[in-house]
Amino acid sequence: MTINFLRLNHVQICIPVGKEQEAREFYCDFLGLEEIEKPDILKKNGGFWLMVADIELHVGTEQVENHSKRHPAFEVEQLEEIREMMTARGLKLRESPDLPGFRRFSFYDPFNNRIELLEKIGDQNQMSLSDQES
């Protein structure tokens, strides 16, 4: 099976816990990026989301530790078939709650880098996470 990658959905970077205002001053005020609504299910985690051209930049918060939250996320088709293929290969998977309009899970490469895969749910063929109404 060949995975049909559709596009890059988002990139996440991380800042220290409690530094959101300083980060907004840099990313929004200085760089001029637009802040977009973060889904309610994720707001408790801190941070905020931005638009960079047609790609989302997720600014997350975390304590300094060995495992980072940084990861790319790719929209794909046939997410369940991909999950089965990766499970059969013995890859370490991380289940995540669905987001509005998307099913998702992550896997880890041999170097413990997390890569998220998302598939649109329903008839939202042209919608990205940023197009979702809260």
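Shown above is the structure to which this text applies.
Here's what I pulled together on the structure shown here. (Residues numbered from 1 in each chain as written. Predicted model: local features only at pLDDT ≥ 70, side-chain atom pairs only at ≥ 80, totals over all residues. Heavy atoms only, no water.)

### Here's the deal with the overall build of the chain
Along the backbone of the chain there are three helices and eight strands. Helices and strands in the chain line up, N terminus first, as β-α-β-α-β-β-β-α-β-β-β. The contacts in the chain between residues at least 6 apart in sequence include a share of 55% that link residues at least 24 apart. Roughly 8,300 Å² of accessible area belongs to the chain as shown, and the carbon and sulfur atoms make up 51% of that amount. (Helix = DSSP H or I, 4+ residues; strand = E, 2+ residues; numbered from the N terminus. Contact = heavy atoms within 4.5 Å. Areas by Shrake-Rupley, 256 points an atom, 1.4 Å probe, with all protein chains shown as cover.)

### So, the environment of Ile-82
With respect to the element layout, Ile-82 can be found in helix H3 (residues 79-89). You can call Ile-82 buried: its relative accessible area is 0%. Here Ile-82 is in contact with Met-1, Ile-3, Val-76, Glu-77, Phe-105 and Leu-117, once residues within four sequence places are set aside. (Buried < 20%, exposed > 50% of the residue type's maximum accessible area, 1.4 Å probe, protein only.)

### Comments concerning the pairing of strand E7 (residues 102-108)
Along E7, six of the seven residues are buried, which leaves the element largely enclosed by surrounding structure. Bridging between strand E6 (residues 93-95) and E7 involves three bridges; their strand directions are antiparallel. Note on E7: the bridge partner recorded for Leu-93 is Phe-107. Where E6 folds back onto E7 in an antiparallel hairpin, the turn is made up of six residues, including Gly-101, whose phi is positive at roughly 85°. In the sheet, E7 pairs with strand E8 (residues 114-120) via seven bridges, with the strands oriented antiparallel. Looking at the pairing, Arg-103 lines up with Glu-119 of E8. (Pairing = 2+ DSSP bridges.)

### What to know about the pattern of salt bridges
A complete count under the given rule lists nine salt bridges for this structure. Here Lys-120 makes a salt bridge to Glu-75, at a shortest N to O gap of 3.6 Å. Of this pair, Lys-120 sits in strand E8 while Glu-75 is found in strand E5 (residues 72-76), placing the two residues 45 residues apart along the sequence. Accessibility expressed as a relative area gives 23% for Lys-120, which makes it partly exposed. Between Arg-83 and Glu-80 there is a salt bridge, and its shortest N-O distance comes to 3.0 Å. Of this pair, Arg-83 and Glu-80 both sit in helix H3, three residues apart, which is roughly one turn of the helix. Linked through salt bridges whose partners overlap, the residues forming this network are Arg-7, Glu-75 and Lys-120. (Salt bridge = Lys/Arg side-chain N within 4 Å of Asp/Glu carboxyl O.)

### Some points on the environment of Leu-42
Its location among the elements puts Leu-42 in helix H2 (residues 40-43). Not counting the four nearest positions on each side in its chain, Leu-42 is found in contact with Trp-49, Leu-99 and Arg-104.

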